[in-house]
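Below, each chain spelled out in residue letters.
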Amino acid sequence: MNRIVLRGRRWAIKAAIWLKPDTAAFVLLAVAAPCLLFPGGWRTLALALLPLIWIGNRWASGHFVRRTPYDVIILTLLVMTLVSLYATYSLPLSLQKITGVLLGVSVMYALVAFAVTPRRLVWVVLGWLAITAAFVAFALVGTGWSVKIPALQRITVMLPAQLRGLPGAEGGFHPAEVAGTLTWIIFLPVSVAIGLWVHTRPPRQRWIVAPLLVLTVVMGGVLALTTSRSAWIGTAAGIGVLVFLAGRWGKVAVSVGLVVAVAAILIVGPGRVAREIAFSPQPELGSVFTPNLESRVEIWSRALYGIQDFPFTGMGMGTFRQVLHVLYPLFLTSPDVDLGHAHNEFLQAALDLGIPGLIAFLALQGLALVLAYRTFRSTAPNWVRWTAAGALAGLVAHGVYGLTDAVALGAKPGLLFWMLLGLIAALYEQARSSRPETAEGTARV
């Protein structure tokens, strides 16, 4: 009995040492996340856990959150989230998006606070890869596949439909939203594999390269099954970025590819190419709704009307789907169709948070691109540099996707966007700490 008690005390001491504020934050967020992803009723009380995390950080380290280059921009975004409550007509409807933003910001800061050492950064990257694999698995069994391409339909009908009935996705995940989420993360496994292959010359850690490449292939297959042209074009842009960063021959390959693509478009005919890309027959109600280009242009025009009417406050997060059919009715789309967003991520940000919120959203993505590029160009270890390159390619791919589709701020898959921002900030801090010192101080990245 005494031996059991002593062993229990040892485990308790180890747990107390391990559960420092930065680690305890993950525990509290893991408890709060299911409630905040599906808010409503008693689950909304989980919001009270977020201030506990910040107060705990203040008590333990003297600051509420660890400083990052994003701080001023995120503060502006949170202020505009608060301001948007003034304009919203339905607090329960907006609450779903607001809790998503608050959870995402908290996860980002928790990730940055945890990844303060190279060893912890390795754990963060491994955790990222595990989350990526889990998302792909959920997407395979939980997506409500579209039927735009009959050849791919033969594959999707064989996939088991297990995840159904979730709040907000009763009929399964929308394939376009799955595709948009994949554009953020699809390059991370292959970029980490490249970094490990270059970084570890002895074959000590190269065994992980093969699983990462397999995961990349599976993600590419899921992306193909979504039949999202926006995501396909965005992924092509991300591939171009990754190849461009590969060095001199990568730049040559991208230049040759652009020339070949332009020549092919001119030979085939720009009009025909545009029709092939834009054509998307709108399915009947009850199946996955995907507006064609003509319908999207009409939706964008209504979004611009909404921005003109609510330029400073926005109309409230998540309310566009209801306000659209009341104030700005569509002619090409049935009013019975639930349009969750404006099919343009930047217009949707302005609709949710006003023009100041759009500026903050653009600044946040622009700064993340700069940080990722500086990390890649730094003297950090190759696996750090190439992980940043994968994050950079993902941001570019999703930015292109966001021109014609959207994963709105506060949406459930948007949690991966905030995690990506946290990963980039952690990689950037690691790159800064690994810079060679000179007589005048630490060199610039």
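Computed from a predicted structure; not experimentally measured.

**Quick word on the pattern of salt bridges**
Item 1. In the structure shown here, the tally under the stated rule is five salt bridges.
Item 2. Note that Glu298 is salt-bridged to Arg302, the shortest N-O span being 3.5 Å. Of this pair, Glu298 and Arg302 both sit in helix α14 (residues 293–309), separated by four residues, roughly a single helical turn.
Item 3. Of the residues examined, Arg302 reaches a relative accessible area of 10% and is grouped as buried.
Item 4. With its nearest N and O atoms 2.7 Å apart, the salt bridge here joins Asp338 to Arg321. Here the residue Asp338 occupies a position in the loop between α15 (320–327) and α16 (345–376), and Arg321 occupies one in helix α15, the gap between them amounting to 17 residues.
Item 5. For Asp338, a relative accessible area of 49% gives the class partly exposed.
Item 6. Given a relative accessible area of 24%, Arg321 falls into the partly exposed group.

**A look at helix α5 (residues 91–114)**
Item 1. Between its first and last C-alpha atoms α5 spans 33 Å; for 24 residues at 1.5 Å apiece the expected length is 34 Å, and the two agree.
Item 2. Within α5, 19 of the 24 residues are buried, which leaves the element mostly enclosed by the surrounding structure.

**Quick notes on the side chain of Ser94**
Item 1. Looking at the element boundaries, Ser94 is found in helix α5.
Item 2. Within polar-contact distance, the side chain of Ser94 engages the side chain of Thr88 at 2.6 Å.
Item 3. If we skip the residues at most four places from it in the chain, Ser94 touches Thr88, Gly316, Met317 and Thr319.

**Considerations on the side chain of Thr313**
Item 1. Within the element layout of this structure, Thr313 appears in the loop between α14 and α15.
Item 2. Other than its neighbours up to four places away in sequence, Thr313 contacts Val83, Ser84, Tyr86, Ala87, Asp352, Leu353 and Gly354.

**Concerning empty space enclosed by the protein**
Item 1. Taken as a whole and assessed by the stated rule, the structure comprises one cavity of 30 Å³ or more.
Item 2. Within this model, the largest cavity holds a volume of roughly 100 Å³.
Item 3. Lining of the largest cavity is provided by 14 residues; of these, Phe361, Val407, Ala408, Leu409 and Phe417 occupy positions nearest its centre.
Item 4. Listed by contribution, the elements that provide at least two residues to the lining of the largest cavity are α16 and α18 (415–433).
Item 5. No other element matches the five residues that α16 contributes to the lining of the largest cavity.
Item 6. Across the lining of the largest cavity, the residue classes tally to eight nonpolar, five polar and one charged.

**Side note on the environment of Tyr89**
Item 1. Within the secondary structure layout, Tyr89 lies in the loop between α4 (71–87) and α5.
Item 2. Apart from residues lying up to four places away in sequence, Tyr89 is in contact with Thr319, Gln322 and Val323.

**Considerations on the nonpolar core**
Item 1. Residues Tyr70, Leu182, Leu364, Trp418 and Ile424 are the most contacted members of the largest nonpolar core, which totals 117 residues.
Item 2. If sequence neighbours within four positions are ignored, Leu364 has contacts with Tyr70, Ile73, Ile74, Leu77, Phe417, Trp418 and Leu421.

**Remarks on the packing of α14 against α16**
For any two helices packed against each other, one specifies the crossing angle of their axes together with the interaxial distance.
Item 1. Here α14 crosses α16 at 15 degrees, and the two axes come no closer than 9 Å. Regarding the angle of α14 to α16, the classification is roughly parallel. Considering how the two elements wind past one another, α14 and α16 form a crossing that is left-handed. Every residue of α16 that contacts α14 at Trp300, Ala303, Leu304, Gly306 and Ile307 is listed here: Leu347, Ala350, Leu351 and Ile355.
Item 2. Considering only residue class, the contact of α14 with α16 consists of eight nonpolar, one polar and no charged.

How each quantity is defined
Residues numbered from 1 in each chain as written. Predicted model: local features only at pLDDT ≥ 70, side-chain atom pairs only at ≥ 80, totals over all residues. Heavy atoms only, no water. Salt bridge = Lys/Arg side-chain N within 4 Å of Asp/Glu carboxyl O. Helix = DSSP H or I, 4+ residues; strand = E, 2+ residues; numbered from the N terminus. Buried < 20%, exposed > 50% of the residue type's maximum accessible area, 1.4 Å probe, protein only. Expected span 1.5 Å × (residues − 1). Polar contact = N/O pair within 3.5 Å; in protein donor to acceptor, adjacent residues only side chain to side chain. Contact = heavy atoms within 4.5 Å. 1 Å grid on protein atoms, 1.4 Å probe; cavity = no way out; pocket = protein on both sides within 12 Å on 5 of 7 lines; lining within 4 Å. Points joined across faces, edges and corners; volume = space filled by probe spheres on them. Nonpolar A, V, L, I, M, F, W, Y, C, P; charged D, E, K, R; others polar. Core = buried A, V, L, I, M, F, W, Y, C linked by side-chain atoms within 4.5 Å. Axes fitted to C-alpha atoms, helices over the stretch in contact; angles between N-to-C directions. Parallel < 35°, antiparallel > 145°, perpendicular 65-115°, else oblique. Left-handed = near helix turned anticlockwise from the far one by under 90°.

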